[in-house]
Amino acid sequence: MSRIGRLPVVVPAGVTVDVQPGNFMTVKGPKGELKRQLSDEMTIEVKGNEIIVTRPDDLKRHKALHGLTRALIHNMVVGVTDGFQKTLEINGVGYRAQKQGKKLVLSLGYSHPIEMEDPEGVESTVEGNKIVVKGISKEKVGQYAANIREKRGPEPYKGKGIKYSDEIIRRKVGKTGKK
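Residues numbered from 1 in each chain as written. Predicted model: local features only at pLDDT ≥ 70, side-chain atom pairs only at ≥ 80, totals over all residues. Heavy atoms only, no water.

Brief notes about the overall build of the chain
Along the chain, the regular secondary structure elements total two helices and 13 strands. The C-alpha radius of gyration computed for the chain amounts to 21 Å, which surpasses the reference 16 Å derived for 179 residues by more than 25%, pointing to a less compact arrangement than a globule. Counting only C-alpha atoms, the chain reaches 70 × 45 × 25 Å along its principal axes. Residue burial in the chain is summarised as follows: out of 179 residues, 35% are buried. A sequence separation of at least 24 residues applies to 50% of the contacts in the chain between residues at least 6 apart. For the chain, the accessible area works out to roughly 11,200 Å², and carbon and sulfur atoms hold 50% of it. (Helix = DSSP H or I, 4+ residues; strand = E, 2+ residues; numbered from the N terminus. Rg over C-alpha atoms; globule rule 2.2 N^0.38 Å. Buried < 20%, exposed > 50% of the residue type's maximum accessible area, 1.4 Å probe, protein only. Contact = heavy atoms within 4.5 Å. Areas by Shrake-Rupley, 256 points an atom, 1.4 Å probe, with all protein chains shown as cover.)

Given below as structure tokens:
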């Protein structure tokens, strides 16, 4: 059995789960609503306040889908109750970020400022040298944070650039002078 797949997903109070034929799931909670089409090879049952995912047989593909389906359902439930958040840090002289309405404007040492529009369902805030990306969809929050980081990734010599707050940059020693 899949260790992740066999765990039931506990549905907290205030969250409604609706499974349509063809495994189209709708999860509504205090923070919003998420919809997703899941693999119709898995069987999804709602029993009381738990969601149980089962697989038809032990094919390698079904074993992989089992854990994935359960994890996607769990992320939907957590998203509509607590939401997800990623924190990025900007390091470097003259590197700045600011919000202008729904736009994030980054000054990262290029000849022009970089403007990024917040995607639907995702919100970003700037606090000093930190950018906080929040939303109810784990996938959208992670992708938007990755897109922001991609604009100027951290470099190993001086540590300049945009990095996740929990990311550790392995530093390298620079060149040495001639003797």
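Things to note about unusual backbone geometry
Positive phi is not limited to glycine here, since Asn23 has a value of about 60°. Its place among the elements puts Asn23 in the loop between strand E2 (16-20) and strand E3 (24-29).

Focus: the pattern of salt bridges
In the structure shown here, the tally under the stated rule is ten salt bridges. Note that Glu33 and Lys28 form a salt bridge whose closest N and O atoms lie 3.9 Å from each other. Assessed through its relative accessible area of 43%, Lys28 is described here as partly exposed. Members of the salt-bridge network, linked through shared partners, are Glu89, Lys130 and Lys163. (Salt bridge = Lys/Arg side-chain N within 4 Å of Asp/Glu carboxyl O.)

Concerning the side chain of Asn23
Take Asn23: its relative accessible area is 8%, and that puts it in the buried class. Polar contacts involving the side chain of Asn23 include one to the main-chain carbonyl oxygen of Ser39, which spans 2.7 Å. With residues near it in sequence (within four places) discarded, Asn23 still touches Arg36, Gln37, Leu38, Ser39, Asp40, Met42 and Ile44. (Polar contact = N/O pair within 3.5 Å; in protein donor to acceptor, adjacent residues only side chain to side chain.)

Some remarks on the nonpolar core
Among the nonpolar cores identified, the biggest contains 19 residues, and Leu88, Ile90, Leu106, Ile131, Val133 and Ile148 are the most heavily contacted of them. A per-element tally of this core places helix H2 (residues 138-150) first, with four residues. Setting aside its immediate chain neighbours within four residues, Ile148 contacts Leu88, Leu104, Leu106, Met116, Ile131, Val133 and Ile162. In this structure, Met25, Val27, Val53 and Met76 belong to the second largest nonpolar core, which totals 17 residues. (Core = buried A, V, L, I, M, F, W, Y, C linked by side-chain atoms within 4.5 Å.)

Overview of the sheet that holds strand E5 (residues 43-47)
Ordered by their spatial adjacency, three strands build an open sheet running E1-E6-E5, and the pairing between neighbours is antiparallel. The open sheet has two free edges, formed respectively by strand E1 (9-10) and E5, since each of these has just one partner strand. Here E5 runs beside strand E6 (residues 50-54); their pairing, made up of five bridges, is antiparallel. Across the sheet, the residue bridging to Ile44 is Val53, located in E6. Lying on the sheet, helix H1 (residues 60-81) is in contact with E1, E5 and E6; it crosses E6 at an angle near 160°. (Pairing = 2+ DSSP bridges. Axes fitted to C-alpha atoms, helices over the stretch in contact; angles between N-to-C directions.)

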